[in-house]
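Per-entry structural report
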Amino acid sequence: MINPPTILTRRSVFRAGTGLAIAAMGTPLLTPATGQAEGVRPAGAEPLNGGGFYRFKIGDFQATVISDGSGQIPIRPILVMNVSEAELAPVLKANFMQPVIQVTNNILVVDTGHERILVDSGFGEKLGPSFGSFPGLEANLGRAGISPESIDLVVTSHGHLDHIGGLVTKSGALAFPKAQFIFVDTEWNYWTGSRYESEVNSSPMPDPFKKGTIGAARDNLPPVANRSRFIKHGGEITSGVHYVAAPGHSPSHAAILFTSGKDQFMHMGDIAHNPVTSLQHPDWSPIFDYDPAQAIKSRKTILDRVATDRIMVMGYHFPFPAIGHVARRDAAYHWEAAQWIW
């Protein structure tokens, strides 16, 4: 019999952090672009499918998913840190998954008719040497006909590297020069305060991600401070757009709910990283969660809400274009990807 997964506290995660970080580095956090892993194309090669964007509608809103790229990442211990290999193996087999999978960043752009909103900004140029096909946001925005100057609001779900890394260019200029930047007030306060650096360094995250996360907060947030607006959890960002509290993955992580006419759409941020490990096993924790126990509560709350209300959702790291529905399946959930419209 498989024992139920352990519900971890932040303290127990950090106590185990050193060993997990070392184990994580046994496999690179992301596979370099020069690698030959499945799904990674040689540098300079044209993609075989798609143009890096996908359009769909949310009521009267025009929405576009923009790919920031992809890279290879080990499921254990990066996406799942609180189960054994023996527990994980049959789940991978049942879902036709390998121990190392391709993970994407999916950026959402929504035109409301009054404003053009971009949710999160990907890795940006400060990731260091190119990994996988990251960063791809700028090029794919161009393919979709969306200029950085046309973005009115940049809404941030939380302060991790792969969500705020693209706010500022390598030269220090604002990547979206005419935009206003929106943050949950307490999330901003954490990442511009005095605690985050020591807490990130003592976390179980792999060392490259620790360094990048600290650097992104230090370098990318101050330049946007005087162009930023701060919203309470659950508050209105603009007409038809609200933050939804979902703490745990980061101190004040939030999902974003779009409403137009009879349609609702939930950008889930990072409450769920993968359709299998996060939905079929919502008690499984990724290595990046600030407070794993709270993150599990938030994950279940959001998944229950969108399943019950039949709300279309987006998973930031789900397979592109990362939109679909969450269906309740026994004591857990199942991912029903939206059918592509050609």
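The paragraphs below set out a description of the structure included in this document. Note that this is a predicted model, so its numbers are computed, not measured.

Quick notes on the rules
Residues numbered from 1 in each chain as written. Predicted model: local features only at pLDDT ≥ 70, side-chain atom pairs only at ≥ 80, totals over all residues. Heavy atoms only, no water. Helix = DSSP H or I, 4+ residues; strand = E, 2+ residues; numbered from the N terminus. Buried < 20%, exposed > 50% of the residue type's maximum accessible area, 1.4 Å probe, protein only. Contact = heavy atoms within 4.5 Å. Areas by Shrake-Rupley, 256 points an atom, 1.4 Å probe, with all protein chains shown as cover. Salt bridge = Lys/Arg side-chain N within 4 Å of Asp/Glu carboxyl O. Core = buried A, V, L, I, M, F, W, Y, C linked by side-chain atoms within 4.5 Å. Pairing = 2+ DSSP bridges. Axes fitted to C-alpha atoms, helices over the stretch in contact; angles between N-to-C directions. Expected span 1.5 Å × (residues − 1). Arc of directions from axis to C-beta. Phe/Tyr/Trp six-rings, centres within 6.5 Å; stacked < 30°, edge-to-face > 60°.

**Quick look at the overall build of the chain**
When you go through the chain residue by residue, the secondary structure sums to eleven helices and 14 strands. For the chain, with 342 residues in total, the buried portion stands at 55%. Considering only contacts within the chain whose residues lie at least 6 apart along the sequence, 71% involve residues at least 24 apart. Accessible area for the chain stands at about 15000 Å²; split by element, carbon and sulfur atoms hold 53% of it.

**A word on the pattern of salt bridges**
Using the criterion set out here, one finds eight salt bridges in the structure. In this structure, R116 and D111 form a salt bridge, with 2.8 Å as the shortest nitrogen-oxygen distance.

**A closer look at the nonpolar core**
Counting 52 residues, the largest nonpolar core has L167 and F176 as its most contacted members. Ignoring anything within four residues of it in the chain, the contact list for F176 reads L118, S121, L137, L141, P148, I151, V154, G166, L167, F181 and R227. Counting residues in hydrophobic clusters, the runner-up holds 44 residues, among them Y54, V65, F258 and W335.

**A short note on the sheet that holds strand β3 (residues 100–111)**
Think of a sheet as strands paired side by side through backbone hydrogen bonds, with each pair either parallel or antiparallel. Pairing within the open sheet is mixed, and its seven strands lie in the order β1-β2-β3-β4-β5-β6-β7. Lying at the two open borders of the sheet, with one neighbouring strand each, are β1 (53–58) and β7 (228–231). Strand after strand, the sheet turns through a mean of 25 degrees between neighbouring axes, direction not considered. As paired strands, strand β5 (residues 153–155) and strand β6 (residues 180–184) are joined by three bridges and run parallel to one another. If you follow V154 over to β6, its bridge partner there is F181.

**What about the pairing of β1?**
Residues Y54, F56 and I58 line the buried face of β1, whereas the alternating positions F53, R55 and K57 sit on a face that is not buried. Inspection of the sheet shows β1 paired to strand β2 (residues 61–74) by six bridges, in the antiparallel sense. Paired with I58 across the two strands is F61, which belongs to β2. A loop of two residues connects β1 with β2, the two strands running antiparallel in sequence, and G59 in this loop sits at a positive phi of about 60 degrees.

**Section: helix α11 (residues 292–308)**
The end-to-end C-alpha distance of α11, which contains 17 residues, comes to 24 Å, matching closely the 24 Å that a straight helix rising 1.5 Å per residue would cover. Within the sequence span of α11, burial applies to P292, A295, I296, S298, R299, I302, L303, V306 and A307. Down the axis of α11, the smallest arc covering the buried residues is 165 degrees, so these residues share one side. Turned more than 90 degrees off the buried face of α11, the exposed positions are K297 and T301. Phi for R310, located one or two positions after α11, is positive at around 55 degrees.

**Describing the packing of aromatic side chains**
According to the stated counting rule, one finds twelve aromatic pairs in the structure shown. A ring pair is formed by Y190 and Y290, whose centres lie 5.6 Å apart and whose planes are at 75 degrees; its orientation type is edge-to-face. Here Y290 lies in the loop between α10 (275–280) and α11 and Y190 lies in helix α7 (residues 185–191), a separation of 100 residues in the sequence. Note on accessibility: Y190 and Y290 belong to one class, buried.

**Focus: the sheet that holds strand β13 (residues 323–329)**
Here seven strands make up an open sheet; going across it, the order is β8-β9-β10-β11-β12-β13-β14 and the pairing mixed. Since the sheet does not close on itself, it has two edges, and those belong to β8 (236–238) and β14 (332–337), each with one partner. Pairs of neighbouring strands in the sheet enclose a mean axial angle of 35 degrees, with direction left out of account. Alignment of strand β12 (residues 312–314) against β13, held across two bridges, turns out to be antiparallel. Within β13, the position partnered with M314 by the bridge is I323. Running over the sheet, α11 touches β9 (241–245), β10 (254–260), β11 (263–267), β12, β13 and β14 and is turned about 100 degrees from β13.

**Some points on the side chain of T156**
Examined against the element boundaries, T156 turns out to sit in the loop between β5 and α6 (161–164). A relative accessible area of 3% means that T156 is categorised as buried. The residues contacting T156, other than those within four sequence positions of it, are D120, I164, I182, F183 and Y243.

**As for the pairing of β3**
Among the twelve residues that make up β3, nine are buried, leaving the element largely enclosed by the rest of the structure. Sheet topology note: the β2/β3 ladder contains eleven bridges and is antiparallel. Each residue of the ladder has a partner; that of S67, found in β3, is N106. Strand direction decides the pairing type here: β3 and strand β4 (residues 116–119), joined by four bridges, are antiparallel.

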